[in-house]
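Overview (structure and organization)
Spelled out, the chains give:
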Amino acid sequence: MRSSSVLAGLLLLAPLGVRAQSPTDTMRFTHADSLRGSDGPARAWWDVTFYNLHVRVSPADSTISGWNEIAYRVTEPGDEMQIDLQEPMQVDSIRQDGYLLTWQRDGNAFFVRLPAPQLAGATSSVMVYFHGRPKVALRPPWDGGYIWQRDSLGNAWVATANEGLGASVWWPNKDYMADEPDSQRVAVTVPTPMVDVSNGRLRSTSVNDDGTSTFTWFVTSPINNYSISVNAGTYAHWRELFEGELGTLTMDFWPLAFHEKAARSQWEQARDMLTCFEHWFGPYPWYQDGYKLVEAPHLGMEHQSAVAYGNGYQNGYRGTDLSGTGQGLSWDFIIVHESAHEWWGNSITMKDAADMWIHESFANYAENLYIECRTGSKEAGAEYVIGTRARIRNDRPIVGAYGVNDEGSGDMYYKGGNMLHTIRQLVDDDDAWRGILRGLNETFWHQTVTSAQVEDYIASQSGLDLSAVFDEYLRTTLVPTLEYHIEGGKLSFRWTDVVPGFAMPVRVMLQPGAPSWIRPTERWQEVDVGVSAEDFLVDPNFYVRWQQVEATGG
Ligand SMILES: [Zn+2]
């Protein structure tokens, strides 16, 4: 239990009597959204096995050009293939076995006719040649596209960030979350002496005759396509080693050259991050591809095995504390949050953007576990996650619409993190809870998953019926509210603002200094109580509201 001063603060953050609005259909989805977000007929029959991406990046005129060889396995016969590349990018040609293929463009999707028989079980590939001036990101990383920058010494500095918007904003691929390649090459050509840092490991560097250099990176693991990134500039580089759960992990650091001193100091936190997250979540997922931090001209992004960093070598979130408690000021938010996505988002990836809480709720939740791990204080971590409740909007449900690349509410961060913190209370056994977090990573290692898979796993491993709990927090904007009334030594209580069948237990103060569990439902119940109405407390670790009522209404 926490002090009443925290409670008073919580009451201010979550005013009673403010009813959550019921979800309304404010979203309208287009034909293009369906093409993008669903497993349509020109997608369902083939499974991407490898992307062989080559791209030439020209800062002088903000254009790119290149080709991507898309290797695939046929899962059922098909003759039309959907390849995504967004306006204003252009496809020059598409070939298979040396033959030019014909296609029809439908906005951001190309429907390619394959004359050769596509037999189930066969493997093949298509080559897609492309060029154009890709969309420029105006507010990276919140919108997406290319970032054409200069560092403060005037050197060209180029990066990509395209989560949500999609990788097809700059390179042709199957822009569908549920289908990841098993591995990928990323060969980036930039003007000499720029250095490109992309995902995985650098396999080769070549200096070309035309004043450019090509950096060929290779990712040996499945990778979500929005992680594929260009980071090209004037970088310093050093390597460290981390002895972790799966052996020796390489840590490669790529700050802008003139930031090396600041980076060598600030980025030491990456080592604490790995220690804490391996403890809570299990092995770092990409020992083969390594861990990297790369300075980028935007705040940051969880690019797999090449985490983009732009937090200005300061602690907190751009120097501020998102929790308002002070607990967020002693560590670098971008190192911790974006790296947490290596487990939650990159290793375990949503099949559909509607389930993005799998990425953001766990990455948000990881922040408080990092604090707990670093300070040794469970209370410090709890104070942080509870403090972030001020940022919950309850504007619309966390889970979005399926099949249309819809992300749902930004509440997937703070509300989702608080849902997980609440479930930790329900599990009420920190070793078991840690086992569930590690078990999720072991069970869904390098996979794409649905929300249902994650929910079912937590429920089955905890032995708790959590279906109404997940529905309440993920699929409505309601906040469970405990109505109570104390009279004659009896506490009357029930849940309101809940989905049918919601019966989440909650810890309350029935006797002075002695927290105990009650099991409210939507029906009034009664229990003996030894505290007055003024001293009655609900454990603030639960993301719920509580409200004294005058009478129980029979
Ligand atoms: Zn995130």
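Refer to the structure presented above.
Residues numbered from 1 in each chain as written. Predicted model: local features only at pLDDT ≥ 70, side-chain atom pairs only at ≥ 80, totals over all residues. Heavy atoms only, no water.

1. Brief notes about the overall build of the protein
Test applied: In this description a helix means any DSSP run of H or I spanning at least four residues, a strand means any run of E spanning at least two, and both kinds are numbered starting from the N terminus. Atoms counted for the radius of gyration: C-alpha only. Globule rule: 2.2 Å times residue count to the power 0.38. Note on classification: 1.4 Å probe, protein chains only; a residue is buried when its accessible area is under 20% of the maximum for its type, exposed when over 50%, partly exposed between these limits. Between two residues, a contact is recorded if the distance between any of their heavy atoms is within 4.5 Å. Accessible surface is estimated by sampling points in the Shrake-Rupley manner with a 1.4 Å probe; for residues, cover comes only from the protein chains shown. Only four residue types enter the tally: Lys and Arg on the positive side, Asp and Glu on the negative side; His and the chain ends are excluded. Where a charge lies is defined by one atom per residue type: Lys uses NZ, Arg uses CZ, Asp uses CG and Glu uses CD.
Check the secondary structure of the protein and you find 11 helices and 28 strands. Scaling as 2.2 N^0.38, a compact globule of 554 residues should have a C-alpha radius of gyration of about 24 Å, and the protein matches this with 25 Å. Counting across all 554 residues of the protein, residues that qualify as buried make up 58%. By sequence separation, contacts in the protein at least 24 residues apart represent 69% of the contacts at least 6 residues apart. Of the roughly 21,300 Å² of accessible surface on the protein, 50% is carried by carbon and sulfur atoms. Side chains of the protein carry 42 positive and 70 negative charges; the gap between the two charge centres is 2 Å.

2. Re helix H6 (residues 357–375)
Defined as follows: The length a helix should cover is 1.5 Å for every residue beyond the first.
The terminal C-alpha atoms of H6, which comprises 19 residues, lie 27 Å apart, in line with the 27 Å expected from a rise of 1.5 Å per residue. Counting buried residues in H6 gives 16 out of 19 residues, a clear majority hidden from the surface. Once H6 ends, the next one or two residues include Gly-376, with phi positive near 75°.

3. Things to note about the pairing of strand E26 (residues 514–518)
Basically, it comes down to this: Here the rule is simple: two strands pair whenever DSSP picks up at least two bridges between them.
Pairing of strand E25 (residues 506–511) with E26, which is carried by five bridges, proceeds in the antiparallel orientation. The partner of Met-509 across the bridge, within E26, is Pro-515.

4. A few points about the coordination of the zinc ion
Each angle at a metal carrying four tetrahedral donors should ideally be 109.5 degrees, and each at a metal carrying six octahedral donors should ideally be 90 or 180 degrees. Our working definition: In this analysis a donor is any N, O or S atom within 2.8 Å of a metal ion (3.2 Å for sodium, potassium and calcium), and since water is not included, sites may seem incomplete. Sites are called tetrahedral only when four donors show all angles between 85 and 135 degrees, square planar or octahedral only when four or six donors show opposite pairs over 155 degrees and all other angles between 65 and 115, and irregular in any remaining case.
At this site the zinc ion is bound by His-337 (NE2), His-341 (NE2), Glu-360 (OE) and Glu-360 (OE), with donor distances of 2.0 to 2.7 Å. One can describe the site at the zinc ion as irregular: its four donor atoms subtend angles covering 52 to 152° at the metal.

5. A look at helix H5 (residues 333–340)
For the record, the criterion: Whenever two N or O atoms come within 3.5 Å, that pair is a polar contact, provided that in protein one can donate a hydrogen and the other can accept it, and provided that, for residues adjacent in sequence, both atoms are side-chain atoms.
With eight of its eight residues buried, H5 lies for the most part within the structure. Along H5, the positions that sit buried rather than exposed are Phe-333, Ile-334, Ile-335, Val-336, His-337, Glu-338, Ser-339 and Ala-340. Between the side-chain oxygen at the start of H5 and the backbone nitrogen of Ile-334 there is a gap of 3.1 Å, and the oxygen is on Asp-332.

6. Topic: the side chain of Asn-368
Mapped onto the fold, Asn-368 is located in helix H6. Not counting chain neighbours up to four residues away, the residues in contact with Asn-368 comprise Gly-381, Ala-382, Tyr-384, Val-385 and His-421.

7. Quick word on the pairing of strand E11 (residues 183–191)
Sheet faces and side chains relate simply in a regular strand, where the side chains alternate between the two faces. Burial within E11 is extensive, with seven of its nine residues counted as buried. Strand direction decides the pairing type here: strand E1 (residues 46–58) and E11, joined by seven bridges, are parallel. Each residue of the ladder has a partner; that of Val-55, found in E11, is Val-188. Both E11 and strand E14 (residues 212–219) contribute to a ladder of eight bridges, which runs antiparallel. Along E14, the bridge assignment pairs Val-188 with Phe-215.

8. Points about the environment of Phe-50
Position of Phe-50 relative to the elements: it lies in strand E1. A relative accessible area of 19% places Phe-50 in the buried class. Along the sequence, Phe-50 and Gln-184 sit 134 residues apart, while their C-alpha atoms lie 5.5 Å from each other. Beyond its immediate stretch of four places on either side in the chain, Phe-50 contacts Glu-69, Ile-70, Ala-71, Pro-181, Ser-183, Gln-184, Arg-185 and Phe-218.

9. A closer look at the packing of aromatic side chains
This is how the line gets drawn: The rule is short: rings of Phe, Tyr and Trp, with Trp giving its six-membered ring, pair when the centres are within 6.5 Å, and they are stacked under 30 degrees, edge-to-face over 60, tilted in between. Note on criteria: charge over ring means Lys NZ or Arg CZ within 6 Å of the ring centre, with the direction from the centre no more than 35 degrees off the ring normal.
All told, the structure shown has 38 aromatic pairs when counted by the stated rule. Residue placement shows Lys-174 over the ring face of Trp-46; its charged tip is 4.2 Å from the ring centre. Sitting above the plane of the Trp-238 ring, Arg-264 keeps its charged end 4.3 Å from the centroid.

10. Examining the packing of helix H4 (residues 269–281) against H5
Two numbers describe a pair of packed helices, the interaxial angle and the distance between the axes. Our working rule: Angles here are taken between N-to-C directions and fall from 0 to 180 degrees, while the axes themselves are lines fitted to C-alpha atoms, restricted in helices to the stretch in contact. Each angle receives one of four descriptions, namely roughly parallel if under 35 degrees, roughly antiparallel if over 145, roughly perpendicular if within 65 to 115, and oblique otherwise. If you view the pair so one helix is near and one far, a crossing is left-handed when the near helix is turned anticlockwise from the far one by less than a right angle, and right-handed when it is turned clockwise.
Their axes nearest at 10 Å, the elements H4 and H5 cross at an angle of 40°. The pairing of H4 with H5 is recorded here as oblique in orientation. For the element pair H4 and H5, the recorded crossing hand is right-handed. For the pair H4 and H5, contact is made by Gln-269, Ala-270, Met-273 and Phe-277 and by Ile-335, Val-336, Ser-339 and Ala-340, respectively.

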